[in-house]
Every structure is written in structure tokens, then in C-alpha cells.
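# Descriptive analysis of the structure
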Amino acid sequence: MRVIIKQESVDNIKAIYEINRLGFGQDNEAKLVDLLRNSNAFVPELSLVAFVDDQLVGHILFSKITIVDDHQNEFENLGLAPMAVKPDYQKQGIGGLLIKNGLEKARELNYKSVIVLGHEHYYPRFGFAPASRWNIKAPFDVPSEVFMAIELVTDGLKGISGTVKYPKEFEGV
Ligand SMILES: CC(C)(COP(=O)(O)OP(=O)(O)OC[C@H]1O[C@@H](n2cnc3c(N)ncnc32)[C@H](O)[C@@H]1OP(=O)(O)O)[C@@H](O)C(=O)NCCC(=O)NCCS
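Residues numbered from 1 in each chain as written. Predicted model: local features only at pLDDT ≥ 70, side-chain atom pairs only at ≥ 80, totals over all residues. Heavy atoms only, no water.

As recorded in an unreviewed UniProt entry, the protein chain goes by the name N-acetyltransferase, listed as coming from Solitalea agri.

With that out of the way, let us pick up the layout of surface pockets. When its volume is computed, the largest pocket comes out at roughly 960 Å³. Looking at the largest pocket, it is lined by 33 residues, and the ones nearest its centre are Phe24, Met83, Leu117, Gly118 and Tyr123. For the lining of the largest pocket, the secondary structure elements donating two or more residues are α1 (13-24), α2 (28-37), β4 (74-85), α3 (94-108) and β5 (113-117). Partitioning the lining of the largest pocket into residue classes produces 19 nonpolar, nine polar and five charged. (1 Å grid on protein atoms, 1.4 Å probe; cavity = no way out; pocket = protein on both sides within 12 Å on 5 of 7 lines; lining within 4 Å. Points joined across faces, edges and corners; volume = space filled by probe spheres on them. Helix = DSSP H or I, 4+ residues; strand = E, 2+ residues; numbered from the N terminus. Nonpolar A, V, L, I, M, F, W, Y, C, P; charged D, E, K, R; others polar.)

For the ligand, the set of nearby residues contains 17 residues, the closest of which are Val85, Lys91, Gly93, Gly95 and Tyr122. In this structure, an oxygen atom belonging to the ligand sits 2.8 Å away from a side-chain N or O atom of Tyr122. Surface burial for the ligand is 69%, taken as the share of its 860 Å² of free accessible area covered by protein chains. Because more than half of its atoms lie within 2 Å of the grid, the ligand is assigned to the largest pocket. Elements with a contribution of two residues or more to the shell around the ligand: α1, β4 and α3. For the shell around the ligand, the residue count by class is eight nonpolar, seven polar and two charged. (Near = heavy atom within 4 Å. Polar contact = N/O pair within 3.5 Å; in protein donor to acceptor, adjacent residues only side chain to side chain. Areas by Shrake-Rupley, 256 points an atom, 1.4 Å probe, with all protein chains shown as cover. Sits in = over half its atoms within 2 Å of the grid points.)

Charged atoms that come close allow side chains of opposite charge to pair. With the rule as written, the count across this model stands at seven salt bridges. For Arg21, the salt bridge is made with Glu18, and the minimal N-O distance between the two is 2.5 Å. Here Arg21 pairs with Glu18, and both are found in helix α1, just three residues apart, close to one helical turn. Relative accessible area serves as the criterion here: at 31%, Arg21 is assigned to the partly exposed category. A salt bridge links Asp34 to Arg37; the nearest nitrogen and oxygen atoms lie 2.8 Å apart. (Salt bridge = Lys/Arg side-chain N within 4 Å of Asp/Glu carboxyl O. Buried < 20%, exposed > 50% of the residue type's maximum accessible area, 1.4 Å probe, protein only.)

See below:
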């Protein structure tokens, strides 16, 4: 199976909505993607799609978030959310390719780290570790092992700690 990963284009917007709706079994995440696309948090190069034989089968989005420390200093960062692969194409490595390509692109764009809320056995495969290691907390109550971060460069999170602030578009998801 040949999988091609590329930046989303306007022609993909409807299919991306559908992939997220199918992947999550609800519209919330699909709507979130549309809201983020029209927000200041959007990084066009970091909305990636996966194609198999001209069919869009997966999508991943990284958008801008901030980490706020105890002194109200704000550090710009990236959050991975959401990602979805069409149900009949799951467990074939497409999600992994989207993550790896996205992390590489983020590094090229000079981002130093990424935060994710997700499955504790999946994201560590790509180098994520509990964000508590850097004293980075979620803005809501979640088990510490599902709230993770990755440094894209050595010491990418050195000196950065605090609570993650998601863009307002995440409210209600
Ligand atoms: C998460 C998702 C994008 C992974 O895509 P994929 O193409 O299947 O990923 P890969 O083939 O690279 O890896 C599959 C592995 O991830 C595991 N996995 C990843 N996220 C998981 C989750 N939320 N729950 C359970 N298992 C998960 C699978 O069990 C599988 O494990 P295995 O390799 O041991 O069998 C896909 O499962 C999906 O669209 N899920 C629904 C939407 C969702 O939960 N998104 C993540 C939260 S933002």
C-alpha cells in the first residue's frame, strides 16, 4: 500500500471533516478542525492528509497552544489534536506516518516541542513522554500518563513548565 502524506489543500476540507466524523463517531472533532483552520492557532503546513490511491484516508492537525507558568509567562508551543484515520484503514501504520511527518515538519518550522492528550501506549512509540516530566500540566483533570510531550530538539522544553492553555476553539469539544 502506497501512502502519500501532504499538506491539506482547500479541495480536501470536506473529506477531512468526514474522516474526523467517521474516526470519532461524532461531529465534535470535525467541527473543531474547521474552527481551528479559521483561527490564529492554525499552522497551514501542519494540517496533513494521508492519501492511498487518490483517496483521503487520514488527517492530523497540530495547532498553536501556549504554556503559562506560575509568573504568567507564556511560551508558544504546539498541540497535536485531533488526528483520525478512516476506520477501514486503521492499524496499518497510517496514523504513525502522519505523526512522524508532522513532527518532522514542526521541527523544520522551528517548533521545539509538541503536547498531546492521547493513548498512553501509542504516542510513546514516537518519543512522547508524560508531560509531568517537565512539570507541564493539562488545564483539566486527566491521568498524568495520557498527557504527554515531546522535545523536537535537545532541551526543547528546558526551562518551560506550567499549565497548557488551549485556543478557545477547543471549548466544548
Ligand atoms: C488513533 C488513530 C488515528 C490511529 O491511526 P492508525 O492508522 O490506526 O495508527 P497506526 O496504524 O499507526 O497504529 C495503530 C495502533 O495505535 C493504537 N491506538 C492509537 N490510538 C488509540 C486509541 N485512542 N485507542 C486505542 N488504541 C489506539 C492501536 O490500538 C494500534 O495498536 P497496535 O499497533 O498495537 O495494534 C486511529 O485509530 C483513529 O482514527 N482513531 C479514532 C480517532 C481517535 O481516537 N484519535 C486519537 C485522539 S486525537
